[in-house]
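Working through the structure, step by step
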Amino acid sequence: MDLVLRAVIVFFAIFLVTRVIGRRELSTMEPFDLILLIITGDLMQQAVTQSDYSLTGGLTVLATIALLTVALSYISFKVPKLRPLLDGEPLVLVQDGEIIERNLRRERITVDELLAEARQQQVASIDRIRFAVLETNGRISVIPA
Amino acid sequence: MRDLRSRTAHPWVRRVVIALFAVPVGFAATGAFGQPTSTLVAGGGGARLQVEVPDTLRGGLLWRARIAIRAELAMEHPRIVLGSGWVESMQLNTIEPAPESEAARGPRVVLSYPKLDPGDELVVYLQLQVNPTAFGVQDTSVELDDETEPIARIAHSTRVLP
């Protein structure tokens, strides 16, 4: 019982952390993101399984996490109103060549990072962007003018 | 079209597999994989023996047992005799209060305590950890003796899951 309960609590705790830290961190692997990833994995493993070294315990946690993932995915699919909460919403960063500074600040994205993303998608400058959108998975889609 | 034909069954296969994941989770949630504790009582021979011990454990788990003795008649040499499973597949970390002496009786362990007068109660706590490599059914029976005379016995086995 306690094993399932701990797995559920940790699942939602990690979900909350990933939603709070910002989606940009999900798609990049900067040094701080790497630290967060390693520390989270190590700490949460101890919190879930504690001194349990058993195969039974490991498989139970795996099944619990898998069920929660499928359940949340299904809820997100079936209940559109919950989608912004569960998956987040796309955020427009550039519209018709104009940078939306407020949205960049909100996600802690610099203009240099935005330009780098644009260059990777074969767009040379901001004024040649019709839309740049931060997607829910943390990637930036650039639509040229 | 030929390449896509076999894809029609995939969603159902996946759904069945996901549904199967709920089986171990359900068992675990009901405590079938450990470690709810059973309370067992025996008596009649001049003392009452009560043991709290889990029925199921998993490798590596820390757990606790409680053995309570209430003397109805005087016991000169109360002894708790633990089944072999208490030590064979477990790390016995602590026994509180510590016995005056410990001895072996075949594969079993005998813990000796001071005299108990009628109405006296002795509560012994054992802190243990399951060896990570242990699995199977372990003899976690408890017997109460007055020196070598059996007073009460609780037959119990604990299932250790791999």
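What counts and how
Residues numbered from 1 in each chain as written. Chains lettered and ligands numbered in written order. Predicted model: local features only at pLDDT ≥ 70, side-chain atom pairs only at ≥ 80, totals over all residues. Contact = placed C-beta atoms within 7 Å. Helix = DSSP H or I, 4+ residues; strand = E, 2+ residues; numbered from the N terminus. Nonpolar A, V, L, I, M, F, W, Y, C, P; charged D, E, K, R; others polar. Core = buried A, V, L, I, M, F, W, Y, C linked by C-beta atoms within 7 Å. Buried ≥ 20, exposed ≤ 12 C-beta atoms within 10 Å, placed from the backbone. Pairing = 2+ DSSP bridges. Axes fitted to C-alpha atoms, helices over the stretch in contact; angles between N-to-C directions. pLDDT = per-residue confidence, 0-100. Domains from an automatic or database assignment. Expected span 1.5 Å × (residues − 1). Arc of directions from axis to C-beta.

**Focus on the interface of chain A and chain B**
Residue-level contacts link 17 residues of chain A with 18 residues of chain B. Within the residue set of the side of chain A that touches chain B, elements represented by two or more residues are helix H1 (2-20) and helix H4 (55-78) of chain A. Across the side of chain A that touches chain B, the residue classes tally to 10 nonpolar, six polar and one charged.

**Examining the nonpolar core**
Residues and elements named next belong to chain B. Counting residues in each nonpolar core, the largest one holds 28 residues, and the members touching the most others are Ala47, Leu49, Val51, Ile69, Val142 and Leu144. The set of elements that each furnish at least two residues to this core consists of strand S2 (47-54), strand S4 (62-71), strand S5 (78-82), strand S9 (121-130), strand S11 (142-146) and strand S12 (149-154). With residues near it in sequence (within four places) discarded, Leu144 still touches Ala47, Leu49, Ile69, Pro78, Ile80, Ile151 and Ala152.

**Looking at the sheet that holds S12(B)**
Residue and element names in this part refer to chain B. With antiparallel pairing, five strands are arranged side by side in an open sheet as S7-S8-S5-S11-S12. Each having just a single partner strand, strand S7 (101-105) and S12 make up the two edges of the open sheet. Across the sheet, the mean angle from the axis of one strand to that of its neighbour is 25 degrees, orientation sign disregarded. Looking at chain direction, S7 and strand S8 (residues 108-112) are connected through five bridges and run antiparallel. From the neighbouring strand, Glu102 faces S8, where its bridge partner is Leu111.

**Some remarks on unusual backbone geometry**
Residue Gln35(B) is reached from Gly34(B) by a cis peptide bond, and omega for that bond is -5 degrees. With respect to the element layout, Gln35(B) can be found in the loop between helix H2 (10-29) and strand S1 (37-43). Cis geometry is found at the peptide bond from Glu96(B) to Pro97(B), where omega equals -5 degrees. Topologically, Pro97(B) is positioned in the loop between strand S6 (90-96) and S7. Located in the positive-phi region is Gln50(A), a residue other than glycine, with phi close to 50 degrees. Within the secondary structure, Gln50(A) is located in the loop between helix H3 (31-49) and H4. Here the phi dihedral of Arg108(A) falls at roughly 55 degrees; this positive angle occurs in a residue that is not glycine.

**Some points on the sheet that holds strand S13 (residues 157-161) of chain B**
The pairing of strands in a sheet happens through backbone hydrogen bonds and is either parallel or antiparallel. All names here are of chain B. Reading across the sheet, the three strands line up as S3-S13-S10 and stay open at both edges, with mixed pairing between neighbours. Looking at strand neighbours, the two that pair on one side only are strand S3 (56-58) and strand S10 (136-139), the edges of this open sheet. Taken over all neighbouring pairs, the strand axes of this sheet differ in orientation by 30 degrees on average, direction set aside. Taken together, the four bridges between S10 and S13 define a ladder with antiparallel strand orientation. Looking at S13, one finds that Gly136 is bridged to Val160.

**Topic: the confidence of the model for chain B**
All names here are of chain B. In the predicted model, chain B carries a mean pLDDT of 91, and 94% of its residues have values of at least 70. Element-level mean pLDDT values for chain B span from 66 in helix H1 (residues 2-5) up to 96 in S9. Note on the complex model: pTM 0.79, ipTM 0.77.

**Side note on the domain arrangement of chain A**
You can read the domains of chain A as domain 1 (2-86) and domain 2 (91-144). Once you take the C-alpha centre of each, domain 1 of chain A and domain 2 of chain A turn out to be 29 Å apart.

**Points about H1(A)**
An ideal rise of 1.5 Å per residue puts 27 Å on 19 residues; H1(A) measures up with 27 Å between its terminal C-alpha atoms. Among all positions in H1(A), only Leu3(A), Val4(A) and Ala7(A) are buried. Down the axis of H1(A), the sector holding all buried residues measures 95 degrees, keeping them to one side. Exposed residues pointing more than 90 degrees away from the buried face of H1(A) are listed as Phe12(A), Leu16(A) and Val20(A). On its buried side, H1(A) packs onto H3 and H4 of chain A together with H2 of chain B. Looking one or two residues past H1(A), Gly22(A) carries a phi angle of roughly 105 degrees, positive in sign.

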